[in-house]
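# Chains, contacts and geometry: an overview
Chain by chain, the residues run as shown.
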Amino acid sequence: MRILVIEDYTPLRTAMVESLETAGHAVDASGDGEEGLWYAQNHDYDTIILDIMLPKLNGLQILEAIRGAGKGVPMIIISARDTVDNRIEGLDAGADDYLVKPFALKELLARVRAQTRKAYGKATTLLTVGDLSIDLPAKRVLRGDQEIKLTSREYNLLEYLALREGEVVSRQEIWDHVYNYYEDASSNAVDVYIGYLRKKLGSNDGTTYIQTRRGQGYQLEYQTL
Amino acid sequence: MKFVSIRSRLIFWIGLTVTLILSVGSYVVFATVRSTLNEEIEQNLESTLTLQSLELEMTDGTIYHEWLHDIENDAVRRKTSYIQVWNEANGETTRSPALVGTDLPKFLGSESIQFSNVILPNGHHGRVIGRQVFPVVEWTGQSDRASHVETANIQAHYMAIALDVQVARDALERLAGTLLLGLVFSLLISFVTIRLIIGISFRPLARLEQVIVHTDVQDPQAVFEVPQDLPTEVQGLVASYQELFGRIGQVRERERKFSANVAHELRTPLAGVGATLEQALAVEREAGDYKQRIECMQGIVQGMGELINRLMWFSRLYNKSESVVVGVVDLGLVIETRLAILAEQAAARGLVIDGDISSEPCVIHSDETLIGILMNNLIGNAVAHSDAGSVVRVVLQPVAEGARVCISNVCASFDATELAHVFEPFYRSDAARSGDGAHSGIGLALAQEIAKLLHVDLDIHFSAESVFSVEMHFGANNLKFS
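Each value, and the rule that gives it
- Note on numbering: residues in each chain are counted from 1, in written sequence order.
- The lettering of chains begins at A and the numbering of ligands begins at 1, in the order of writing.
- Local features in a predicted model are, by the rule used here, given only for residues with pLDDT of at least 70; side-chain atom pairs are given and counted only at 80 or more, and totals for whole chains, interfaces and linings are based on all residues.
- Values reported for side chains reflect all heavy atoms of the structure, with hydrogen atoms and water molecules removed beforehand.
- Only DSSP runs of H or I reaching four residues or more are called helices, and only runs of E reaching two or more are called strands; each is numbered from the N terminus.
- Partly exposed residues are those whose accessible area sits between 20% and 50% of the maximum for their type, while under 20% is buried and over 50% is exposed, using a 1.4 Å probe and protein chains only.
- Every residue pair with non-hydrogen atoms within 4.5 Å of one another is taken to be in contact.
- All accessible areas in this document rest on Shrake-Rupley with a 1.4 Å probe, and a residue is counted as covered only by the protein chains that are shown.
- Here, strands pair whenever DSSP counts at least two bridges between them.
- The axes are straight lines fitted to the C-alpha atoms, using for helices just the contacting stretch, and the angles between their N-to-C directions are given from 0 to 180°.
- A side-chain nitrogen of Lys or Arg and a carboxyl oxygen of Asp or Glu constitute a salt bridge if their distance falls within 4 Å.
- By this rule, a helix spans an expected 1.5 Å times one less than how many residues it contains.
- Nitrogen and oxygen atoms within 3.5 Å of one another constitute a polar contact, given that in protein one can donate a hydrogen and the other can accept it, and given that sequence-neighbouring residues count only through two side-chain atoms.
- Confidence scores labelled pLDDT are given residue by residue by the predictor and lie between 0 and 100.
- The labels follow the angle: roughly parallel below 35 degrees, roughly antiparallel above 145, roughly perpendicular from 65 to 115, and oblique for the rest.
- Under the scheme applied here, ten amino acids are nonpolar (Ala, Val, Leu, Ile, Met, Phe, Trp, Tyr, Cys and Pro), four are charged (Asp, Glu, Lys and Arg), and all others, including Gly, are polar.
- Distance thresholds for patches are 9 Å for like charges and 5 Å for nonpolar side chains (Val, Leu, Ile, Met, Phe, Trp, Tyr), applied to residues having over 30% relative accessible area and no salt bridge.
- His residues and chain termini do not enter the charge count, which takes Lys and Arg as positive and Asp and Glu as negative.
- By convention, the charge on Lys lies at NZ, on Arg at CZ, on Asp at CG and on Glu at CD.
- The term buried area refers to how much accessible surface (probe radius 1.4 Å) is lost by two components on association, counted for both of them together.
- Each crossing gets its hand from how the near helix is turned against the far one by less than a right angle, where anticlockwise is left-handed and clockwise is right-handed.
- For this analysis, a ring pair means two rings from Phe, Tyr or Trp (six-membered ring only for Trp) whose centres lie within 6.5 Å, classed as stacked if their planes differ by under 30 degrees, edge-to-face if by over 60, and tilted for the remaining angles.
- For a ring to carry a charge above it, either NZ of a lysine or CZ of an arginine must fall within 6 Å of the ring centroid while also lying within 35 degrees of the normal to the ring plane.

Okay, the overall build of chain B next. When helices and strands are tallied, chain B shows ten helices and 15 strands. Counting the 482 residues in chain B, one finds 36% classified as buried. Taking contacts inside chain B between residues at least 6 apart in sequence as the whole, the part at least 24 apart equals 66%. Surface accessibility of chain B: about 26,800 Å² in total, with carbon and sulfur atoms responsible for 57%.

So, in structure tokens, the structure goes:
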């Protein structure tokens, strides 16, 4: 998932970015409100994490600008302001969640997962496609009762496709939501990992999960021959 | 007499006044009645004496007591008329039967004499009047009356008449008793009424007390509701109380905001420490990686320590609990020391420090520690927020009765509209926000508090050329401490 972090306090921002990346997210980060808003307006994020007290443009102004533009991207406020009024103000401005500093990174990751899941209309943390099941918190994939070992990139790709199960997902969308902009920039990187994933999910009974829609992209759909 | 209680004071003084008024009034009534009665009795006695003296006759040299004859022929008067006559020539005395042989008081002389408190034979109190009288001369011969009187040997007599005044006396005693009883009863009623009125008057105060007791000073939204029927006499006091409560509320609100801001300022670096630590421990790392993260946390903790130190100073100064230790302070030395400490930081930002420190000694009487903190904050602020590669200028000049210090730096991103807020605690302009969290927005507020405490004139300016400058004048006020 692609996450945007807008936080001006460098040590905290660095730790959050690292933690999110370790959890398999593609992360963009900004230290001021103006730049953060530019990122938010020009990219498609699964979740935006933002502080309130920011240089140039504060978090509430960013929230209003994004919601004003009609974007429904999940937004989590992280703030040292802990009063009920502060929380109400943040949530009323359009935030989906409010996390008071200091917080555990694990909790932040869980909230990001919850917001992402909600954004894709998934109620549970266990996604199933045919006999394939994906445990989101544990990042485990089972086919029947047999675990399939995936690399971090393969898992992230499968998770994204699973969240959008039944939909045709373009290569650009996969790139935007799974890859960091600064990494492997080869044009067929998505196709290569789709190929890896197909092999690992493949079976002898002829069932397939990832369908190619020529000229459009890929679709996660359980099909038997 | 001193009273602590208003209620007691009112009861005592009002009670005393009412007692005096009622006592004097009662006495005046009693005295008037008694006086009128006595006057009536005296007139009565006087008239009786005059009439009875005409009943003393002398006919052909013989004295006839006609008055006695009249009394003896009247059964009632025999018991109630007290008359005694003395013949001054031979000392003979004649008494009415009611006197049963006892004497009335007797004085010699022609003027009427009254005795107001005489015990009569029947045991009653009586009033007596007496005076010298002469018998009425009667004649039976052919000579004219005038020549007869001239030739008669008229003997002087003394007549005393007593009147039983027991009834009047009893009436006066009853009147006195009634008045006394009325006085006591009136006093009791007065005390009860006064107490009741005072009690009713004090009821709004009691309600006010309850309002004060139940006003939650912890709640900044709490409203101090004054009872509507509060006496006008205490409304001024209540207004003062309201003002006091308002001031307390403002102080509490200020404290609350201060605490919230302190918590806010500490939460973010604390979150940084927590997140860095959590992330460091999330996976096995190389020693160098751990070292880098520990150094990061060390930097955060140092920043927090500095912040807490500033907050402590600010809190002490803000609450006027910091005392000034006066000594001789060489401003030039203080500034040069700060510039030396900040040189490395300035160099790292590519700044040029232009120090124009007067060679003449600029010595003031002030607190060296606080002056050090003041200079450190202001010069440190200039070094931290000056545009990279620009010049930070520090000028120290001796002036009449003191010294002038001016610290200026270029900050193109500073918004002139924020100039009015830079001394507010925890206020940070966008230009002052930095990702390392080193600036909490307390430095200039702290500098202002120190300037106030040390009587230093402190002004800030922002020019059209984006030069932010702080000017201080250590004037005659700094000599107050010497």
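So, on to the overall build of chain A. Secondary structure summary: chain A contains eight helices and twelve strands in total. In chain A, which comprises 225 residues, the proportion classed as buried is 52%. Taking the intrachain contacts of chain A between residues at least 6 apart in sequence as the baseline, contacts between residues at least 24 apart amount to 56%. In the structure as shown, chain A presents an accessible area of about 9,900 Å², 47% of it carried by carbon and sulfur atoms.

Bringing the sheet that holds strand β14 (residues 457–462) of chain B into the picture now. All names here are of chain B. Judged by pairing direction, the sheet is mixed, and its five strands sit side by side in the order β10-β12-β13-β15-β14 without closing on themselves. The outermost strands of the open sheet, each flanked by one partner alone, are β10 (352–357) and β14. Each strand axis lies, on average, 10° off the axis of its neighbour in the sheet, ignoring direction.

Turning to the pattern of salt bridges, a few remarks are in order. Residue and element names in this part refer to chain A. Tallied over the full model, the rule gives 29 salt bridges over all chains. Linking Asp 51 and Lys 101 is a salt bridge whose minimum nitrogen-to-oxygen distance equals 3.2 Å. Residue Asp 51 is found in the loop between β3 (47–50) and α3 (59–68), and its partner Lys 101 is found in the loop between β5 (97–100) and α5 (105–119); the two are separated by 50 residues along the sequence. Residue classification places Asp 51 among the buried residues on the basis of a relative accessible area of 5%. One salt bridge in this structure joins Asp 131 and Arg 143, with 3.5 Å as the shortest N-O distance.

Turning our attention to the environment of Thr 207 of chain A. Residues and elements named next belong to chain A. For Thr 207, the position within the fold is in the loop between α8 (189–201) and β11 (208–213). Between the C-alpha atom of Thr 207 and that of Asp 131, which follows or precedes it by 76 residues, the distance is 10.0 Å. Apart from residues lying up to four places away in sequence, Thr 207 is in contact with Arg 143, Tyr 222, Gln 223 and Thr 224.

All names here are of chain B. For helix α9 (residues 368–385), built from 18 residues, the straight-helix expectation of 26 Å at 1.5 Å per residue is met to within 8% by its first-to-last C-alpha distance of 25 Å. Burial analysis of α9 places 15 of its 18 residues in the buried class, which makes it a mostly covered element. A side-chain oxygen of the first residue of α9 lies 3.0 Å from the backbone nitrogen of Thr 369; this N-cap is Asp 367.

Confidence along chain A averages 89 in pLDDT terms, with 96% of residues attaining 70 or more. Within chain A, β3 of chain A carries the highest mean pLDDT (96), whereas β11 of chain A carries the lowest (85).

As a further point, take the packing of helix α6 (residues 152–163) of chain A against α8 of chain A. Residue and element names in this part refer to chain A. In the contact formed by α6 and α8, the axes pass within 10 Å of each other and the chain directions differ by 85°. With respect to α8, the element α6 is oriented roughly perpendicular. The residues of α8 that touch α6, namely those facing Arg 153, Glu 154, Leu 157, Leu 158 and Leu 161, are Tyr 193, Ile 194, Tyr 196, Leu 197, Lys 200 and Leu 201. For the contact of α6 with α8, the residue count by class is eight nonpolar, no polar and three charged.

Residue and element names in this part refer to chain A. Looking at the element boundaries, Ser 30 is found in strand β2 (residues 26–30). A polar contact is formed between the side chain of Ser 30 and the side chain of Glu 35, at a distance of 2.7 Å. There is a polar contact of 3.2 Å between the side chain of Ser 30 and the backbone nitrogen of Gly 36. Excluding residues within four positions of it along the chain, Ser 30 makes contact with Val 5, Ile 6, Glu 7, Arg 13, Glu 35, Gly 36 and Tyr 39.

Turning next to the sheet that holds β2 of chain A. As a general point, the strands of a sheet are linked pairwise by backbone hydrogen bonds and lie either parallel or antiparallel. Residue and element names in this part refer to chain A. Within the open sheet, the five strands sit side by side as β2-β1-β3-β4-β5. Their pairing is parallel. Where the open sheet ends on each side, the last strands, each with one partner, are β2 and β5. Taken over all neighbouring pairs, the strand axes of this sheet differ in orientation by 20° on average, direction set aside. Of the strands in this sheet, β1 (2–6), β2 and β3 touch helix α2 (residues 33–42), which is tilted by about 145° from β2.

Before going further, it helps to examine the side chain of Glu 449 of chain B. All names here are of chain B. With respect to the helices and strands, Glu 449 occurs in helix α10 (residues 443–453). A relative accessible area of 6% places Glu 449 in the buried class. Setting aside chain neighbours within four positions, we find Glu 449 in contact with Phe 314, Leu 317, Tyr 318 and Lys 320.

Residues and elements named next belong to chain A. Residues Glu 64, Asp 85, Glu 89 and Asp 92 make up a contiguous surface patch of negative charge. Broken down by element, the residue count for the negative patch peaks at three residues, all from helix α4 (residues 84–92). Looking at the element boundaries, Glu 64 is found in helix α3.

Contacts between chain A and chain B engage 24 residues on the former and 21 residues on the latter. With both sides pooled, the region where chain A packs onto chain B buries about 1,900 Å², and carbon together with sulfur makes up 59% of that total. Where chain A packs against chain B, one counts three salt bridges. A salt bridge links Arg 267 of chain B to Asp 82 of chain A, with the shortest nitrogen-to-oxygen separation between them at 2.6 Å.

Turning next to the packing of helix α1 (residues 10–22) of chain A against α5 of chain A. Residues and elements named next belong to chain A. One can describe the packing of α1 onto α5 by two numbers: an axis separation of 10 Å at closest approach and a directional angle of 55°. Taken together, the axes of α1 and α5 lie oblique to each other. The handedness of the crossing between α1 and α5 is right-handed. Residue-level contacts link Ala 15, Met 16, Ser 19 and Leu 20 of α1 to Leu 105, Leu 108, Leu 109 and Val 112 of α5. For the contact of α1 with α5, the residue count by class is seven nonpolar, one polar and no charged.

Turning our eyes to something else, we now look at the pairing of strand β2 (residues 62–65) of chain B. Residues and elements named next belong to chain B. Where strand β1 (residues 56–59) lies against β2, four bridges are found, and the strand directions are antiparallel. Bridged to Thr 59 within β2 is Thr 62. Adjacent in sequence and paired antiparallel, β1 and β2 are bridged by two residues, among which Asp 60 carries a positive phi angle near 55°.

A few words now on unusual backbone geometry. A cis amide bond, omega -5°, links Lys 101 of chain A with the succeeding residue Pro 102 of chain A. Mapped onto the secondary structure, Pro 102 of chain A falls in the loop between β5 and α5. We note that Lys 139 of chain A has phi near 55°; this positive angle belongs to a residue other than glycine. Lys 139 of chain A gets classed as partly exposed once you look at its relative accessible area, which sits at 34%. The backbone of Ser 466 of chain B shows a phi angle near 65°, a positive value even though the residue is not glycine. Inspection of the secondary structure assignment puts Ser 466 of chain B in the loop between β14 and β15 (467–474). Residue Ser 466 of chain B is classed as buried on the basis of its relative accessible area, which comes to 19%.

Attention shifts here to the packing of aromatic side chains. All names here are of chain A. Here the structure, examined in full by the defined rule, presents ten aromatic pairs over all chains. A centroid spacing of 5.5 Å and a plane angle of 75° characterise the contact between Trp 38 and Tyr 39, whose relative ring orientation is edge-to-face. Chaining the aromatic ring pairs together yields one cluster made of Trp 175, Tyr 179, Tyr 193 and Tyr 196. Sitting over the ring of Tyr 179, Arg 153 keeps its end group 4.2 Å from the ring centre. The cationic tip of Arg 153 hangs over the ring face of Tyr 193; the distance from NZ or CZ to the ring centre is 5.8 Å.

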